[in-house]
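Structure assessment
The residues making up each chain are set out below.
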Amino acid sequence: MFDVAGLQALIDELIRRGYTVVGPTVREGGIVAAEIHSIDDLPRGVADHQQPGEYRLSESGADEFFGFASGATSWKPVLFPPRRMLWRHTTAAAPVPEPLDDTPRALLGVRACDLRAIEVQDRVFADRAFIDPDYVSRRRNTFIVAVTCGHPSQTCFCTSMGGGPKPSGGYDVLLTELVDDEGRRFVVDTGTAAGADVVAAIASRPASSAERTAADDVAERAAARIERRVDTDGLRDRLYEAREHPQWDDIASRCLSCGNCTLVCPTCFCVTTNDVEDLAGPVGRERVWDSCFVVEYSYIHGGPIRRSTQARYRQWLTHKFASWIDQFGTSGCVGCGRCVTWCPVGIDITEELARLSVRPATASDKEGR
Amino acid sequence: MKDLTQLLSEQPIFSDLGNDMFALVAGCAHNEHFGVDEYLFRTGEPADRFFLVRRGLVALELVRTAGSRLIVDTVSTGEIAGLSWLVPPYRWNLDARAVEETSAVSIDASCLRRKCDDEPRVGYVLLQRVSSAMYQRMHAARVRMADVYGVPAND
Amino acid sequence: MTDTAAPTRTELARELGEPMLPRPYVVQQTKRETADTATLSLASLDGVPTPFAPGQFTVVGRPGWGEVPISISGDPAHPDHLEHTVRAVGDASRALVSARPGDTLLLRGPYGVGWDVADGVGGNVVIVAGGIGLAPLRPALLQILAHRPRYRRVFLVYGARAPHEMLFTRQLEHWRGRFDIEVAVTVDAATPEWRGHVGLVTSVLPRSYLDPDATLALVCGPEIMMRIAADALVTAGLRPDRVKVSLERSMKCGIGVCGHCQLRELFVCLDGPVFRYDRVAALMTAREL
């Protein structure tokens, strides 16, 4: 248990130990992860309003540091940067790999959904036949201060995807912000020896049982406020069966295939590679984020396999909620709601999944009546 | 030396036909041999018979510019060479040339057409089997139109 | 989460490696097969042989000209020479086809699930190749011939567009001359000098099989040709789980991390490119999948 001064002390201690502290900040009307040094850098008193196709910040009126839901960006770019050199040519015939990033980073304010997203990406990058060594290196040097979500947005649906406002593990330190008559303070949990070590270096007192109850209440009240739902029972098979469902055409009539959803999604991992050149000649090869919405994504000689918007949208949604399970053992979605918020035309995947789950009426069905 | 009936019975198109039908068709059949590069029939000639290849290889050729030819199909053991005998004006649209020494049973087309007019039952069964062979060839030709081995243009 | 005893960056790099790092290979020989196709014989610069399984591919390119997945087309018993038969269909492949002996290429792999030829031991094997599909099947055939007594009847059926577009013509003649393998070749159309079959590969497939249950079929070529051949084989009595095809999809990394090659839940580069026909038949006809 500590108060606001304790939060600053936590940041100071992490910096003292050599971490670059990355936390939520307000930038150009959105909440964006950036390097911070002080609690003044945090979005104090800021609330967010998210709807399909809408994102807006406002003054919350309450003096909370974490009074908002998911940020505009997830933590994905920290562990899996949008652009990275893979190797470079040298004067010798053999190219050399790019050095791995081992900057110690402390992520402050990680939500349960984003923590689960990191765990989903662990399976993609760190637990397969071919791993991403830079991801593994960054991951090993990342200290996670998670935060219980007290203010889910209208687009959130983490409770449908096997999670909830409070993370069950995977963090070094967990903070639950309490704001009441006794002031603002943080109930502190630790998840690892490293986390306990850091917390021990900060002045704190044990939390009372009333405070523990209040901390649990934060998560419970937040869970109750979540409105959107996805029925995941048998969803994989339903989506596979819905391959020729007319609803895909309906979605495609609205979808711009802009790829925003894949950019803001904390689990999307597709990349492409390019040769990098300068005036003197070839430099090496880089890896950049790619999206299955890009027409060239499925290009083989003769043209792209998924030419229509309909086929590309179907690929994204089916991968996220169905094929991902066969590939990695979990769903690819954590219910953060960003794709719903940041879709310029407001496509709501929770609604679309419900429509796709209903077998379309056939001609014979209609005649039978 | 096998007799004609025996040779006919080896052909898939006549298998399990029944003795009476068989005798009917056998009456129109002759045993024929073609040496290397001998022609079975030529473009424009009356399509008065067709061939069931017993042994060998027959090339079906399309006549192109200035008489040059393109082999568009080959017919081998157990297959039928010649289909234009079935439809008016009963004229060959292709050349048929023996690529190898070829033995075939030829069936006189007007003889068979007459017998089928007299015995529609026989005609119907034969038509079904010949149609099947025709369909296989047509489908194969359509697949080849897709030019699957070519490099697809960026469409 | 941090660990105070974490390895240094260099130690970690050494422990993990960089899967996307290519190795230099030198072009030893090139052979023009057709107007747009060439076979390159490569040796690793460090002289270390590159063992591979028939059906596997590498991701290879000329420095500065990208990299593309190419099936290995050579003899698995000679891993010191990696043969690749490349068709010029884009910038990267064109740069490979025009490579000269002495040029250095950058290569990653071998990758992928191969034909697993040993699956056919004790039975018949039918190899059906269409066009450039003969290239990934050649290592399989060479491996079978190297262990010929383990198999019963071996068939090679090869279809190409035209006689002048056939691959490995000298070797084909050699195989035709052998008594322990039955070779049938066909083309889509030909001028009269052609003394062989004209028609789809299905027209020269064996009509029937003794013990179709004990027959393994390996099929490679354009997807439509593979489907037609596989369907014909199944109709002739082969089990669909003993007919194998080699699929192709857009590939960037070749190691299952870029996402491009996905065919529903399958990563063609990791779970394939060789698949049992019963697994992929329905996916192959799905529209824009």
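The structure reproduced in this document is the subject of the present report. (Residues numbered from 1 in each chain as written. Chains lettered and ligands numbered in written order. Predicted model: local features only at pLDDT ≥ 70, side-chain atom pairs only at ≥ 80, totals over all residues. Heavy atoms only, no water.)

**A few points about the overall build of chain B**
This is how it is decided: Where helices and strands are cited, they refer to DSSP runs of H or I of at least four residues and of E of at least two residues respectively, numbered from the N terminus. Our radius of gyration is a C-alpha quantity, and the globule rule it is checked against amounts to 2.2 Å times the number of residues to the power 0.38. Here's how the labels work: a residue is buried when its accessible area is under 20% of the maximum for its type, exposed when over 50%, partly exposed in between, all with a 1.4 Å probe on protein chains only.
The helix and strand tally for chain B stands at 4 helices and 8 strands. Secondary structure elements in chain B, listed N-terminal to C-terminal, are α-α-β-β-β-β-β-β-β-β-α-α. Here the C-alpha atoms of chain B give a radius of gyration of 17 Å, agreeing with the 15 Å that 2.2 N^0.38 yields for 155 residues. Expressed along its principal axes, the backbone C-alpha trace of chain B runs to roughly 60 × 35 × 30 Å. When the 155 residues of chain B are sorted by exposure, 43% land in the buried category.

**Looking at the interface of chain C and chain A**
Applied cut-off: Contacts: residue pairs with any heavy atoms within 4.5 Å of one another. Buried area is a sum: the accessible area each of two parts loses on coming together, probed at 1.4 Å, counted once for each and added. Put simply, a salt bridge is a Lys or Arg side-chain nitrogen that is within 4 Å of an Asp or Glu carboxyl oxygen. N or O atoms closer than or at 3.5 Å make up a polar contact, with two conditions inside protein: a donor-capable atom paired with an acceptor-capable one, and, for residues adjacent in sequence, both atoms drawn from side chains. When residues are grouped by polarity, Ala, Val, Leu, Ile, Met, Phe, Trp, Tyr, Cys and Pro land in nonpolar, Asp, Glu, Lys and Arg in charged, and all others, Gly among them, in polar.
Facing the 44 residues of chain C at the interface are 60 residues of chain A. At the boundary of chain C with chain A, total buried surface from both sides reaches about 4700 Å², with 56% on carbon and sulfur atoms. Here chain C is connected to chain A by 4 salt bridges. Of the charged contacts in the structure, one is a salt bridge between Arg 285 of chain A and Glu 67 of chain C, with a shortest N-O distance of 2.7 Å. Between chain C and chain A we count 22 residue pairs in polar contact (both at pLDDT 80 or more) in total. Take the side of chain C that touches chain A: its biggest share by element is 5 residues, from helix α1 (residues 9–16) of chain C. Per-class residue counts for the side of chain C that touches chain A are 23 nonpolar, 9 polar and 12 charged.

**Some remarks on unusual backbone geometry**
The omega angle of the peptide bond from Gly 109 of chain C to Pro 110 of chain C is 5°, so this bond is cis rather than trans. Here the amide bond leading from Gly 272 of chain C into Pro 273 of chain C is cis, since omega sits at 15°, within 30 degrees of zero. Positive phi, close to 70°, is recorded for Asp 37 of chain B, a residue that is not glycine. Positionally, Asp 37 of chain B belongs in the loop between β1 (29–34) and β2 (39–41). A positive phi angle is found at Phe 168 of chain C, which is not glycine, with a value near 50°. By the secondary structure assignment, Phe 168 of chain C is in the loop between β8 (154–160) and α4 (169–177). Phe 168 of chain C gets classed as buried once you look at its relative accessible area, which sits at 5%.

**Observations regarding the pairing of strand β12 (residues 243–246) of chain C**
Residues in a regular strand point their side chains to alternate faces of the sheet. Residues and elements named next belong to chain C. To keep things clear, this is the line we draw: Note on pairing: DSSP must find at least two bridges between two strands before they are called paired. By definition, the crossover connecting two strands over a helix is right-handed if that path, from the first strand to the second, turns clockwise as seen with the strands pointing away from the viewer.
Neither face of β12 is exposed, since Val 243 and Val 245 on one face and Lys 244 and Ser 246 on the opposite face are all buried. Pairing geometry for strand β11 (residues 215–220) and β12, over 3 bridges, is parallel. Directly across from Ala 217, in β12, lies its bridge partner Val 243. In this fold, β11 hands off to helix α5 (residues 223–235), which returns the chain to β12; that crossover is right-handed. Of the pairings in the sheet, the one linking β12 to strand β15 (residues 274–276) comprises 3 bridges and is antiparallel in character. Residue pairing across strands places Lys 244 opposite Arg 276, the latter belonging to β15.

**Let's talk about the packing of helix α4 (residues 133–140) of chain A against α1 of chain C**
To keep it simple, the criterion reads: Here an axis means a line fitted to C-alpha atoms, over the contact stretch when the element is a helix, while the angle between two N-to-C directions is reported on a 0 to 180 degree scale. Every angle not falling under 35 degrees, over 145, or within 65 to 115 is termed oblique; those three ranges are roughly parallel, roughly antiparallel and roughly perpendicular. We call a crossing left-handed when the near helix sits turned anticlockwise from the far one by less than a right angle, and right-handed when that turn is clockwise.
Remark: α4 of chain A packs on α1 of chain C, axes separated minimally by 10 Å, with the N-to-C direction vectors making an angle of 140°. Classified by the angle their axes make, α4 of chain A and α1 of chain C are oblique. The way α4 of chain A lies across α1 of chain C gives a crossing that is right-handed. From α4 of chain A, Pro 133, Val 136, Ser 137 and Arg 140 of chain A reach across to α1 of chain C, where they touch Leu 12, Glu 15 and Leu 16 of chain C. Classifying every residue of the contact of α4 of chain A with α1 of chain C gives 4 nonpolar, 1 polar and 2 charged.

**Comments concerning the environment of Val 145 of chain A**
Residue and element names in this part refer to chain A. You can see Val 145 is positioned in strand β9 (residues 142–147). Sequence separation of Val 145 and Ile 305 is 160 residues, and the distance between their C-alpha atoms is 43 Å. With sequence-adjacent residues up to four places away left out, Val 145 is seen in contact with Leu 10, Leu 14, Leu 107, Leu 108, Gly 109, Val 110, Val 173 and Leu 175.

**Section: the state of the cysteines**
The cut-off we apply is this: We call a pair of cysteine sulfur atoms a disulfide when they lie within 2.5 Å.
On inspection of all chains with the given rule, the structure shows 1 disulfide over all chains. Here Cys 28 of chain B engages in a disulfide with Cys 111 of chain B; their sulfurs sit 2.0 Å apart. Taking the sign of the S-S torsion, about -70° here, the bridge from Cys 28 of chain B to Cys 111 of chain B comes out left-handed. Note that Cys 28 of chain B is positioned in the loop between α2 (19–26) and β1 and Cys 111 of chain B in helix α3 (residues 109–118), a separation of 83 residues in sequence. Of all cysteine sulfurs, the one in Cys 156 of chain A lies closest to Cys 149 of chain A, which takes part in no disulfide; the gap is 5.9 Å.

**Details of the pairing of β8 of chain C**
Residue and element names in this part refer to chain C. Most of β8 is tucked away: 7 of the 7 residues are buried. The two faces of β8 match: Val 154, Leu 156, Tyr 158 and Ala 160 on one face and Phe 155, Val 157 and Gly 159 on the other face are all buried. Relative to β8, strand β7 (residues 124–130) runs parallel, the two being bridged by 6 bridges. Along β8, the bridge assignment pairs Ala 129 with Tyr 158. Handedness of the β-α-β unit built from β7, helix α3 (residues 134–146) and β8 comes out right-handed. Taken together, the 6 bridges between β8 and strand β9 (residues 182–187) define a ladder with parallel strand orientation.

**Re the sheet that holds strand β3 (residues 49–55) of chain B**
Residue and element names in this part refer to chain B. The strand order across the open sheet built from 4 strands is β1-β8-β3-β6, with neighbouring strands paired in antiparallel fashion. Edge strands, defined here as strands with exactly one partner in the open sheet, are β1 and β6 (80–81). In this sheet, β6 lies alongside β3 in antiparallel orientation, the contact comprising 2 bridges. Across the sheet, residue Leu 52 finds its bridge partner in β6, namely Ile 80.

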